[in-house]
Amino acid sequence: MPAPPTAPAAERAGRGAALVHRLVVVRELGILAALLLLVVVTVAANPRFLSAQNLRDLLISASILTVLAAGQTVVIITRNVDLSVGSTLGLSAYATGTLLVAAPGTPVVLAVLAGIAVGALCGLLNGVIVAVAKVPSLVVTLGTLYAIRGLDSLWASQSGRLQINAADLPSGFKAIAGARVLGVPVLFLVAVLVVVAVGYHLRTYRSGRELYGIGSDPEAARLSGIPVGRRVLAAFVVSGALAGLAGVMYAARFQTLDATAGTGQELFVVAAAVVGGVAIFGGSGSVYGAALGALLLTTIGAALPQLGLNPFWREAAVGALILAAIVLDRSLSLRLARRLRGRNLRGS
């Protein structure tokens, strides 16, 4: 049996973890500062940007991306990626709409659970292939991105219902989009609850902390007794389930559904997580940073027209932010490694 770590080694490990935590906090504060700067500049150009209605629309738009980014964070932390979340969202949204149209008396809670279940099944498919068949997640989820989208299109064409319109949906479900609690949109509150729940689990529960160990070094995690396959499988199921929830939110928000719902969303989801400080190489980051990244990207999309810029610049801005985040993450990782190496040499 390997000997337990000595007190100085354990102390150095604790200092290293504290340093990583400080770097994550600094990244998140930087995103928050960039968000505030963007808002200030946009308000200076158009004072009505922060009107009550615009602010509610901004929060609702950010809600769906935030929920998707929370699930993506869980996967990326394990050194994987889920590119199928946009297609999963679309399938779940269409499934929810179809259920409500076919059975108008279906309780809203049951429709929500059905959408989440559809997403969880898609995540389970990804997780089984990645964790059991040992196929790289990039390849698997790129394939399921098209497979799930094709299934959605086939379902829509075979059912003879290529589009579900707002008039087809029950009023109780449509009311979700406009519902507010103390003036705050319910969809945004749902996103906040998801972020808090995922963040609490990652930080507090052993199974959550083990995801970081898997992302840092999968082989070392396996040798230390962590059930790597089961944890990766669970991460994909969580990502799929949250994409399913996002699909339900999408259906309630837009109320016009077809097989193209969520197309291209995966770019912004990965961008929100990476820009939010979640290391694309796995092992570090937080869901709170990913949520800030989602809010920043949504605000960029809303601010560009107010600044007189073409909305197509949003994609260019997202690409630039992804590259900047990866370069920053790599430089911080190298800097952290040098600091830890220097402290270990001084402590030895």
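Values in this document were obtained by computation on a predicted structure and should not be read as measured data.

1. Overview of helix H12 (residues 287-306)
- Between its first and last C-alpha, H12 extends 29 Å over 20 residues, near the 28 Å set by a 1.5 Å rise per residue.
- Immediately beyond the C-terminal end of H12, within one or two residues, lies Gly308, with a positive phi of roughly 80°.

2. Quick notes on the pattern of salt bridges
- With the rule as written, the count across this model stands at 3 salt bridges.
- For the salt bridge of Arg206 with Glu210, the shortest nitrogen-to-oxygen distance reads 3.0 Å. With a gap of 4 residues between them, Arg206 and Glu210 both fall in helix H8 (residues 206-216), about one helical turn apart.
- One network of salt bridges, in which partners are shared, links Arg206, Glu210 and Arg231.

3. Let's talk about the packing of helix H7 (residues 186-204) against H12
- Orientation of H7 relative to H12, taken along the N-to-C sense of each, is 150°, at an axis distance of 9 Å. Judged by the angle between their axes, H7 and H12 are roughly antiparallel. Between H7, through Val195, Val196, Val198, Gly199 and Tyr200, and H12, the contact on the second element is made entirely by Val287, Tyr288 and Ala291.
- In terms of residue class, the contact of H7 with H12 is made up of 7 nonpolar, 1 polar and no charged.

4. Remarks on the nonpolar core
- Membership of the largest hydrophobic core comes to 74 residues, with the highest contact counts inside it found for Val67 and Leu68.
- Residues within four places of Val67 in sequence aside, it is in contact with Ala191, Val194, Leu242, Leu245, Ala246 and Met249.
- In this structure, Leu83, Leu145, Val274 and Ala325 belong to the second largest nonpolar core, which totals 6 residues.

5. Quick look at unusual backbone geometry
- One non-glycine residue, Leu182, lies in the positive phi region at around 55°.
- Structurally, Leu182 is set in the loop between strand S2 (180-181) and strand S3 (184-185).

6. Notes on the environment of Ser87
- Secondary-structure assignment places Ser87 in helix H3 (residues 85-102).
- On the accessibility criterion, Ser87 (2% relative accessible area) is buried.
- Linking Ser87 and Gly262, residues 175 residues apart in sequence, is a C-alpha distance of 6.2 Å.
- Non-local contacts of Ser87, meaning those with residues more than four positions away in its chain, are made with Leu145, Ile148, Arg149 and Glu266.

Conventions and cut-offs
- What you see as residue numbers is a count from 1 along each chain, following the sequence as written.
- In keeping with the model being predicted, local features are shown solely for residues with a pLDDT of at least 70 and side-chain atom pairs are shown and tallied solely at 80 or more, while totals for entire chains, interfaces and linings include all residues.
- Calculated side-chain values reflect all of the structure's heavy atoms, with hydrogen atoms and water omitted.
- For helices the rule is a DSSP run of H or I covering at least 4 residues; for strands it is a run of E covering at least 2, with both sets numbered from the N terminus onward.
- Expected helix span is computed as 1.5 Å times (number of residues minus one).
- By definition, a salt bridge exists where a carboxyl oxygen of Asp or Glu is found within 4 Å of a side-chain nitrogen of Lys or Arg.
- Every axis in this analysis is a line fitted to C-alpha atoms, fitted for helices over the stretch in contact. Angles between the N-to-C directions lie between 0 and 180 degrees.
- By the definition adopted for this analysis, an angle is roughly parallel if under 35 degrees, roughly antiparallel if over 145, roughly perpendicular if from 65 to 115, and oblique otherwise.
- The contact criterion used throughout is that any non-hydrogen atoms of two residues lie within 4.5 Å.
- Following the grouping adopted for this structure description, the nonpolar residues are Ala, Val, Leu, Ile, Met, Phe, Trp, Tyr, Cys and Pro, the charged ones are Asp, Glu, Lys and Arg, and the polar ones are all others, Gly among them.
- Residues belong to a common nonpolar core when they are buried Ala, Val, Leu, Ile, Met, Phe, Trp, Tyr or Cys residues joined through side-chain atoms within 4.5 Å.
- Three exposure classes are used, based on accessible area relative to the maximum for each residue type with a 1.4 Å probe and protein chains only: buried under 20%, partly exposed in between, and exposed over 50%.

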